[in-house]
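Understanding the architecture of this molecule
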Amino acid sequence: MWCSRMALRRLQWIAVTPLNITGGLTSNVQRKMSTLPRVYVTRQIPPEGLKILRESGQVQFELWDSDDVPVPRKELLQKVKGVDGLVCVLTEKIDAELLDAAGPNLKVLSTMSVGFDHLSLEELKKRGIRVGYTPDVLTDAVAELTVALLLTTSRRLIEATHEAKTGGWGTWRTLWLCGHELANSTVGILGLGRIGVAIAERLAPFKVKKFIYTDVAPRPELASIINAEYVSFNEMAKQSDFLAVCCALTPETKEICNKDLFSKMKNTSIFINTSRGGVVNQEDLYEALSTGQIAGAGLDVTVPEPLPTNHPLFTLKNCVILPHIASASYTTRNAMSALAANNLLLGLRGETMIKELKL
C-alpha cells in the first residue's frame, strides 16, 4: 500500500527519461517531434502529470485546458481522431462511439481514477487497447475523508454549525444536537479492500469495539490487519452501528444498498458511502432517513453527479452530501496525475505499466 506522498516522490523519480534537446529546435528535432505519438488529455490534470508528459520528449499532446468544465462530447469526438494515446478522467465516457472516432491508432488509455465504470472494458479489450488506472495512491486521502464524513454525520456537525450561525444556539439543553459516538460501537465495512482497511485503521483509536465486513468471499489476509470478522450481508446490516461502503460498482453491486438493507439496520445506525453512487438506491435511502429507519447518512458520491439542488436528499437534516471530494488533497491528486502520465508513457513504449487493468 502506497502512502500518497511517498508515491508522488517515487513517480517523479521514475518518470520516463526525457529526450535531451539543447540549443533550440533544429529542423531534425522538429521532424522527430512531428513523428512522436499523438496524445489527447481530456482535462487540465494536476501539474505533476503534465510536467512528466512535457519533459518526457516522447509524445506530442494536446489538452482540454480547463479544470472547471469537462470537454464537450462533440469536441472530444473530434479531438481523439487518430490519437495514439488518451488520458482521461472519470467524467468522460469511453465507449464504442468514442473508440470508433479515435480509430485504430489508439493503443493506450490512461484514466486518472481508481474507478473504471466510465470505461467500456469489453470494447477496449476487443480493440486490444491497454488501460492504465490510478489505485493505491488515493487510499490515504479517501480513508481520511471517510472518517471525517462519518464524524460529521454522526455528531451532526453541519446541523450544529447552522444553528450557531442562525441564532438557534440558545440556552444549554440536555439532548440538543446529540449524536452517536464511535466508542464501543460495531463498524461494518461493505467491500474490504485497501481503502476499507485504511478506514478501520483510522477508526480503531476511537475505541471501536468490533469491525465486521462482508465481501464476495472472506479476505482473511486483509481482515487480519484490522482484526475484522467476516459476516453475511444481512448480519452486517443488523450488527453495524456505522456502515461504510467501500465496494466497487459492478452489475452485482448496483443498488445493493436498498430498502432491504436499510430495513435490517438499527434505527441508530449511520450509513456512509464514499465508493460509487450507483451502489445505493437513493429513493430507498431517502425513505429510510425521512422515516427514522436509520439515524443518518453521509454521501460523497451520488447519482447523478452533480446531484440536482432540488433533490429530496438535500431537504434532510440527517443527510450530509459532499461533491465527490474523497481524493481531493493536493498530494493525492498530483500523485494520481503523475501515475496516469507514467502509465501512458510506459504503455506507448510497450512496457509494463505501473498500474494496468487486466482486461
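All residue numbers refer to positions counted from 1 along the written sequence of the respective chain. Local features in this predicted model are restricted to residues of pLDDT 70 or higher, and side-chain atom pairs are both shown and tallied only at a pLDDT of 80 or more, whereas totals for entire chains, interfaces and linings draw on every residue. The side-chain figures draw on all heavy atoms in the structure; neither hydrogens nor water molecules are used.

We now examine the overall build of the protein. When helices and strands are counted, the protein shows 14 helices and 13 strands. Only C-alpha atoms enter the radius of gyration; for comparison, a globular chain is expected to reach 2.2 Å times N to the power 0.38, where N is the number of residues. By the compact-globule yardstick of 21 Å for 359 residues, the protein fits well, its C-alpha radius of gyration being 23 Å. Across its three principal directions, the C-alpha atoms of the protein cover 80 × 50 × 35 Å. For the protein, the proportion of its 359 residues judged to be buried stands at 48%. Only heavy atoms matter for contacts: two residues are in contact if any of them lie within 4.5 Å across the pair. When contacts within the protein are restricted to residue pairs at least 6 apart in sequence, those whose partners lie at least 24 apart make up 64%. Each accessible area is a Shrake-Rupley result for a 1.4 Å probe, and residues are judged covered by the shown protein chains and nothing else. Of the accessible surface of the protein, which amounts to about 17,800 Å², a share of 53% is contributed by carbon and sulfur atoms. When charges are counted, neither His nor the chain ends are considered; positive counts come from Lys and Arg and negative counts from Asp and Glu. Each charge is placed at NZ for Lys, CZ for Arg, CG for Asp and CD for Glu. Averaging the positions of the 40 positive and the 37 negative side-chain charges in the protein gives two centres separated by 3 Å. Secondary structure elements follow DSSP: runs of H or I of four or more residues count as helices, runs of E of two or more count as strands, with numbering from the N terminus. For every residue, the accessible area (1.4 Å probe, protein chains only) is compared with the maximum for its type, and the residue is labelled buried under 20%, exposed over 50%, or partly exposed between those bounds.

Right, let's get into the domain arrangement of the protein. One frequent convention defines the size of an interface as the accessible area lost when the parts assemble. Residue ranges for the domains originate in an automatic or database domain assignment. When cut into domains, the protein gives domain 1 (35-137 + 332-357) and domain 2 (157-164 + 178-317). Between the C-alpha centres of domain 1 and domain 2 the distance comes to 32 Å.

Counting buried positions along strand S6 (residues 186-190) yields five of five residues, so the element is predominantly enclosed. Of the two faces of S6, the one lined by Thr186, Gly188 and Leu190 and the one lined by Val187 and Ile189 are each fully buried. Classification remark: right-handed applies to a crossover when, strands pointing away from the viewer, the course from the first strand over the helix to the second runs clockwise. A crossover links S6 with its parallel partner strand S7 (residues 210-214), the connecting element being helix H9 (residues 194-203), and its sense is right-handed.

Moving on to the UniProt feature "domain: D-isomer specific 2-hydroxyacid dehydrogenase NAD-binding" (unreviewed entry) in the protein. UniProt feature "domain: D-isomer specific 2-hydroxyacid dehydrogenase NAD-binding" (unreviewed entry): in the numbering of this structure it lies at residues 147-326. Structurally, residues 147-326 is divided into 32% helix and 16% strand, and its ends, taken at the C-alpha atoms, are 10 Å apart. UniProt positions are given in the numbering used here, feature names are shortened, and annotations may be inferred rather than shown by experiment.

To continue, consider the pattern of salt bridges. A pair is scored as a salt bridge if a Lys or Arg side-chain nitrogen falls within 4 Å of a carboxyl oxygen belonging to Asp or Glu. For the coordinates displayed, the defined rule picks out 16 salt bridges. Notably, a salt bridge pairs Arg276 with Asp117, separated by 3.0 Å at the nearest N-O pair. Highlighted residues: Arg276 in the loop between strand S10 (270-273) and helix H13 (282-290) and Asp117 in the loop between strand S4 (108-111) and helix H6 (121-127), separated in sequence by 159 residues. Residue class for Arg276 comes out buried when judged on its relative accessible area of 15%. With a closest N to O distance of 2.9 Å, Arg130 and Glu356 form a salt bridge. With Arg130 in strand S5 (residues 130-132) and Glu356 in strand S13 (residues 356-357), the pair connects residues that are 226 residues apart, well separated along the chain.

Strand pairing follows a simple DSSP-based rule, namely that at least 2 bridges must link the two strands. Across the sheet, which stays open at both edges, the six strands sit in the order S2-S1-S3-S4-S5-S13 with mixed pairing between neighbours. With one partner strand each, in any of the chains shown, strand S2 (60-63) and S13 form the two edges of the open sheet. Bridge analysis of strand S1 (residues 38-41) against S2 gives four bridges, and the strand direction is parallel. Residue pairing for S2: Arg38 is matched across the bridge by Gln60. Across the sheet, helix H14 (residues 330-348) touches S1, strand S3 (85-88), S4 and S5, and the angle it forms with S4 is around 170°. The convention used is that axes are lines fitted to C-alpha atoms, helices contributing only their stretch in contact, and that angles between N-to-C directions extend from 0 to 180 degrees.

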